[in-house]
Amino acid sequence: MGIVNYPSLNDIETLLLDMDGTLLDLRFDNHFWVDHLPVRYGDIHGLEHELANSHVERQLRDAEGTLNWYCTDHWSRHFNVDIMTLKREVEHLIQYRPGTEKFLRELDSYDHLKIYIVTDAHPNVLALKQMVTGLLDQVHDHHCSHHYGLPKRDLRFWQALSEQIDFDPATTMMIDDSPAVLQQCRNFGIEHLLCVEKPDSGRAHDHKHDFPLIDDLSILLEQP
Ligand SMILES: [Mg+2]
């Protein structure tokens with residue numbers, strides 16, 4: 001991909017920001033589901049590691065793209081473990097992605113801008129991440145798809161959101177690490193769409209989509 005000309009924040013009225021993989025490092029989430037949960041699930045239920053691993057992986061894969069995938073209550077019941085207790089065991093991995101703390105702090109000087117976090121994260125997970133980072137204090141409001149009963153990769157979510165917050169798609173920017181989500185934003189008519197280049201600091205990413213990429217969000221502060 002060539003050089004991206006990012007829009008000026010002066011031309012944006014509403015900024016919609018995903019949380020995991022966009023503002024916060026996806027390393028926490030990936031580590032939790034791929035490494036930590038299988039190990040702890042095996043410990044708790046006395047299962048051999050390979051077996052626990054393949055069971056957890058298969059169950060998660062089957063739920064991918066659905067709201068259940070993000071629902072800690074669903075997985076607590078399903079695996080018969082306390083997902084939130086297990087998440088807290090690795091909460092030291094909940095961290096801002098490079099540049100995002102600065103980005104949020106300096107957005108304060110853009111008086112015209114309405115800033116919302118729009119996330120598929122379960123409210124319990126959002127609460128944990130707020131406790132560790134305080135990120136909700138830096139935006140105007142947040143919307144969890146859980147409360148709408150629809151994931152962000154469902155077009156109807158965007159219709160429902162537009163009934164809750166007043167935004168003009170022509171002057172709205174959405175930043176997310178999921179091309180499937182950005183595609184629905186595009187279908188809804190949101191004009192400015194950016195995809196995070198490296199959502200997980202511990203993994204390489206392969207991009208197969210045409211959304212402009214961004215890594216350090218604070219570069220947007222430098223656009224005239
Ligand atoms: Mg995300």
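Bear in mind the structure is a predicted one, so any value in this text is a computation, not a measurement.

A.B. asks: Help me understand the overall build of the chain, please; the structure alone is not making it clear to me.
C.D. replies: When you go through the chain residue by residue, the secondary structure sums to 8 helices and 6 strands. Mapped from its N terminus to its C terminus, the chain presents α and β elements in the order β-α-α-α-α-α-β-α-β-α-β-α-β-β. Computed over the C-alpha atoms, the radius of gyration of the chain is 18 Å, within 12% of the 17 Å expected from 2.2 N^0.38 for a compact globule of 224 residues. For the chain, the proportion of contacts with a sequence separation of at least 24, taken over those separated by at least 6, is 67%.

A.B. asks: Quick question: what am I supposed to make of the pairing of strand β2 (residues 114-119) here?
C.D. replies: Regular strands show a simple pattern: their side chains alternate between the two faces of the sheet. In this structure, strand β1 (residues 14-17) lies alongside β2, joined through 4 bridges in parallel fashion. Residue pairing for β2: L15 is matched across the bridge by I115. Judged from the 4 bridges that link them, β2 and strand β3 (residues 141-144) form a sheet pairing that is parallel. Looking at β3, one finds that V118 is bridged to H143. For the crossover that starts at β2, traverses helix α6 (residues 123-133) and ends in the parallel β3, the hand is right-handed.

A.B. asks: Got a minute to help me understand the domain arrangement of the chain in this structure?
C.D. replies: Segmentation of the chain into domains returns domain 1 (9-25 + 95-222) and domain 2 (28-92). With 17 residues of domain 1 at the contact, the number on the domain 2 side is 13 residues. Looking at the side of domain 1 that touches domain 2 residue by residue, the class counts come to 6 nonpolar, 5 polar and 6 charged.

A.B. asks: Looking at this structure, I do not really get the pairing of strand β5 (residues 192-196). What am I missing?
C.D. replies: Counting buried positions along β5 yields 5 of 5 residues, so the element is predominantly enclosed. Alternating residues of β5 divide into H192, L194 and V196 and L193 and C195, and every residue in both groups is buried. Pairing of strand β4 (residues 172-176) with β5, which is carried by 4 bridges, proceeds in the parallel orientation. In the sheet register, I175 faces β5, and the bridge partner there is L194. Since β4 and β5 lie parallel, the crossover through helix α8 (residues 179-188) that links them has a hand, and here it is right-handed. Bridge count between β5 and strand β6 (residues 213-214): 2 bridges; the pairing is parallel. What sits directly across from C195, in β6, is L213.

A.B. asks: Would you take a moment to explain the sheet that holds β1 for this structure?
C.D. replies: Sheets are built from strands paired through backbone hydrogen bonds, the pairs being either parallel or antiparallel. With respect to topology, 6 strands assemble into an open sheet ordered β3-β2-β1-β4-β5-β6, the strand pairing being parallel. Strand pairing shows two members of the sheet lacking a second neighbour, β3 and β6, which therefore form its edges. Two strands pair when backbone bridges link them, and β1 and β4 are joined in this way by 4 bridges, in the parallel orientation. Each bridged residue has a counterpart across the sheet, and for L17 the counterpart in β4 is I175. Here α8 sits on the sheet in contact with β4 and β5, set at roughly 180° to β5.

A.B. asks: I keep staring at the packing of helix α1 (residues 27-45) against helix α2 (residues 49-63) and nothing clicks. Help me out?
C.D. replies: The description of two packed helices rests on the angle between their axes and on the distance between the axes. It is the contact of α1 with α2, at a shortest axis distance of 8 Å, that shows an interaxial angle of 125°. With respect to each other, α1 and α2 are oriented oblique. Here α1 runs over α2; the crossing is right-handed. Every residue of α2 that contacts α1 at W33, L37, P38, Y41 and G42 is listed here: H49, A52, N53, V56 and L60.

A.B. asks: Mind showing me how you'd approach unusual backbone geometry here?
C.D. replies: Note: most peptide bonds trans; most residues except glycine with negative phi. Even without being a glycine, N80 presents a positive backbone phi close to 55°. Summarising the element assignment, N80 is placed in the loop between α3 (72-79) and α4 (83-88). A residue is classified by how many C-beta atoms lie within 10 Å of it, and N80, with 10 of them, is exposed.

A.B. asks: In this structure, what is going on with the environment of R88? I would like to understand it.
C.D. replies: Tracing the backbone through its elements, the reader meets R88 in helix α4. Taking the C-beta count within 10 Å as the criterion, R88 has 14 such neighbours and is therefore assigned partly exposed. Sequence separation between R88 and F32 is 56 residues; the distance between their C-alpha atoms is 9.9 Å.

About the thresholds
- Residues numbered from 1 in each chain as written.
- Predicted model: local features only at pLDDT ≥ 70, side-chain atom pairs only at ≥ 80, totals over all residues.
- Helix = DSSP H or I, 4+ residues; strand = E, 2+ residues; numbered from the N terminus.
- Rg over C-alpha atoms; globule rule 2.2 N^0.38 Å.
- Contact = placed C-beta atoms within 7 Å.
- Pairing = 2+ DSSP bridges.
- Right-handed = clockwise from strand over helix to strand, strands pointing away.
- Domains from an automatic or database assignment.
- Nonpolar A, V, L, I, M, F, W, Y, C, P; charged D, E, K, R; others polar.
- Buried ≥ 20, exposed ≤ 12 C-beta atoms within 10 Å, placed from the backbone.
- Axes fitted to C-alpha atoms, helices over the stretch in contact; angles between N-to-C directions.
- Parallel < 35°, antiparallel > 145°, perpendicular 65-115°, else oblique.
- Left-handed = near helix turned anticlockwise from the far one by under 90°.

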